[in-house]
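Coordinates in review
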Amino acid sequence: LPAAEITFRTACAAEAIKNITEAYPEMLVGAGTVLTCEQVDAAIAAGSKFLVSPGLNPKVTAYALSKGIPMLPGCSNPSDVEAAIELGLSTVKFFPAEANGGVAKLKALAGPYQAAKWMPTGGVNAKNLNDYLSFDRIIACGGTWLATGADIAESNWEGITKKCKDAIKTMLGFELKK
């Protein structure tokens, strides 16, 4: 996959972002679960190309935007979307996607917000991925099923690679060969 979001749920997030961006400069790497202005600075210093947060914190979002980095705050209702629009955003995260009604809710929200685009995360998985991607207002989907905490703790790189290849096959209908 050409993109990865490394979440600030662990103390080593900035280090992981730095390591990935140095080893794979062509990869689009962003920071997730960005909750503070300090995390914005750490993510940018580590090489993040975009930031994602679970909710819309106007202060943190405005700070990130002032730094010139794309920010996708989590929005799950009309008030969130309107606050994002007020900050100058047209693309936001939809989180937690499945718990908030999935694709059906996104389509309902998209009606009054014609310019809005979405990146759903939270409950997106191999079984519902194409349901999301079939909606033309989706720019990308986040999926923790690809690299679970257990897979990482067990260094199950083979399993993670297989899940990524399976996701590509699901999305695009073909396999990547070496």
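Just above, that's the structure.
Structure report, in brief.

How each quantity is defined
- Residues numbered from 1 in each chain as written.
- Predicted model: local features only at pLDDT ≥ 70, side-chain atom pairs only at ≥ 80, totals over all residues.
- Heavy atoms only, no water.
- Helix = DSSP H or I, 4+ residues; strand = E, 2+ residues; numbered from the N terminus.
- Buried < 20%, exposed > 50% of the residue type's maximum accessible area, 1.4 Å probe, protein only.
- Contact = heavy atoms within 4.5 Å.
- Areas by Shrake-Rupley, 256 points an atom, 1.4 Å probe, with all protein chains shown as cover.
- Lys, Arg positive; Asp, Glu negative; His and termini not counted.
- Charge placed at Lys NZ, Arg CZ, Asp CG, Glu CD.

Check the secondary structure of the protein and you find eight helices and six strands. Each helix and strand of the protein, ordered N terminal to C terminal, gives the series β-α-β-α-β-α-β-α-β-α-β-α-α-α. Taken over the C-alpha atoms alone, the protein extends approximately 45 × 35 × 25 Å along its principal axes. Burial statistics for the protein: of 178 residues in total, 39% are counted as buried. For the protein, the share of sequence-separated contacts (at least 6 apart) that also reach a separation of at least 24 residues comes to 44%. Carbon and sulfur atoms provide 58% of the accessible area of the protein, an area that totals close to 9600 Å². Side-chain charges of the protein comprise 17 positive and 17 negative groups, with the mean position of each set lying 4 Å from the other.

With respect to the secondary-structure elements, A45 resides in helix α2 (residues 37-46). On the basis of relative accessible area, A45 is assigned to the exposed category, the value being 68%. For the pair A45 and A99, spaced 54 residues apart in sequence, the C-alpha to C-alpha distance is 33 Å.

With that settled, the discussion passes to the environment of S90. Turning to its location among the elements, S90 is positioned in the loop between α4 (78-86) and β5 (91-94). Residue classification places S90 among the partly exposed residues on the basis of a relative accessible area of 40%. The spatial distance from the C-alpha of S90 to the C-alpha of C12 is 31 Å, given a sequence separation of 78 residues. Ignoring any residue separated from it by four or fewer positions in sequence, one finds S90 in contact with A115, A116 and K117.

In short, geometric facts, not functional conclusions.
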